[in-house]
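Observations on the three-dimensional arrangement
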Amino acid sequence: MQITPIPCLTDNYAYIINDNNFKIVGVVDPSEASPVIDFLQQQNLRLDYILNTHHHFDHIGGNIELKKKYNAKIVGFNGDKHRIPDIDITLNDKEEWVFGNSQVKILHIPGHTLGHICFFFKKEKIAFTGDTLFSLGCGKIFEGDHEQLLRSLNKIKKLPGDTKIYCGHEYTYRNAEFCMKYDEDNISLKKRFEKIKKLRSNNLPTIPAILDDELRTNIFLRCDQDDLKIKLNMENQEDYRVFRKIRDLKDSF
Ligand code: ZN
Ligand code: FE
């Protein structure tokens, strides 16, 4: 299975999923159709499925044009069927859906939006996390609350450590700067920041991120760690309060 990031709009990624053996092709979160069509034509591929992590326009904007052109099926969360126009396949939390030869587990991860989901390809250990978990960051809270988003991130944290995380935006550099501001003596973070600088200076994607690296370096995933609580002067405080503090700091960063 091959995953290709397709840059869209200013900093979005759509991802082409190509199961070469079964000749099944999907795209995750196409914010616009034309860069996706360009890639499919170059590779001489058709499109079978459009997978949406949530209903925001920068994730579904290309749906209808792609559906018309390829007769592809739109796949998303059952709870968001009224907000994802022309949806064909509606999935529920914990449901398993089959893509070619792959079992895909659906995780409902609300907080950024109430109907946000993660597509987890079990055998391949690939997770599409949309705008919930970013590389070195997390999504803004638009519809849910902090406790909800923290619970959702904790679900993702329980996936296998070598899971590859494909998120909705290239925010990694700016996220790294933020993490460094509050966690600058984190050696794993420092090392990772150097790699990110190199990638971005060559205009290369920083995606996928590996979950284990995120656990060590993403400040939003470290709000349960005592050393970070101490750095934030929040020793012995509850995780969600620490999480809320970090989210507020990031919103004004
Ligand atoms: Zn969004
Ligand atoms: Fe987005």
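Nothing here was measured: the structure is a model prediction, and the numbers come from that model.

1. Details of the coordination of the zinc ion (ligand 1)
Ligation of the zinc ion (ligand 1) by protein atoms is provided by H54 (NE2), H56 (ND1), H112 (NE2) and D131 (OD), these donors lying 2.2 to 2.3 Å from the ion. Binding-site remark: the zinc ion (ligand 1) is held by donors from one chain whose sequence spacing is H-x1-H-x55-H-x18-D. In this model, the zinc ion (ligand 1) sits 3.2 Å from the iron ion (ligand 2), the two metals being bridged by D131. A residue pair is termed long-range when its members are at least 10 positions apart, and H112 in the loop between β8 (102-108) and β9 (117-121) and D131 in the loop between β10 (126-130) and β11 (133-134) qualify at 19 residues. In this structure D131 comes out as buried when scored by relative accessible area, which is 4%.

2. Focus on the sheet that holds strand β13 (residues 164-167)
Strand order in this open sheet of 6 strands is β7-β8-β9-β10-β13-β14, and the pairing throughout is mixed. The sheet terminates laterally at β7 (96-99) and β14 (209-210), the two strands that pair on one side only. Both β7 and β8 contribute to a ladder of 4 bridges, which runs antiparallel. Its bridge partner lying in β8, E96 is registered against K105.

Parameters and conventions
Residues numbered from 1 in each chain as written. Chains lettered and ligands numbered in written order. Predicted model: local features only at pLDDT ≥ 70, side-chain atom pairs only at ≥ 80, totals over all residues. Heavy atoms only, no water. Donors = N, O, S within 2.8 Å, 3.2 Å for Na, K, Ca; no water. Helix = DSSP H or I, 4+ residues; strand = E, 2+ residues; numbered from the N terminus. Buried < 20%, exposed > 50% of the residue type's maximum accessible area, 1.4 Å probe, protein only. Pairing = 2+ DSSP bridges.

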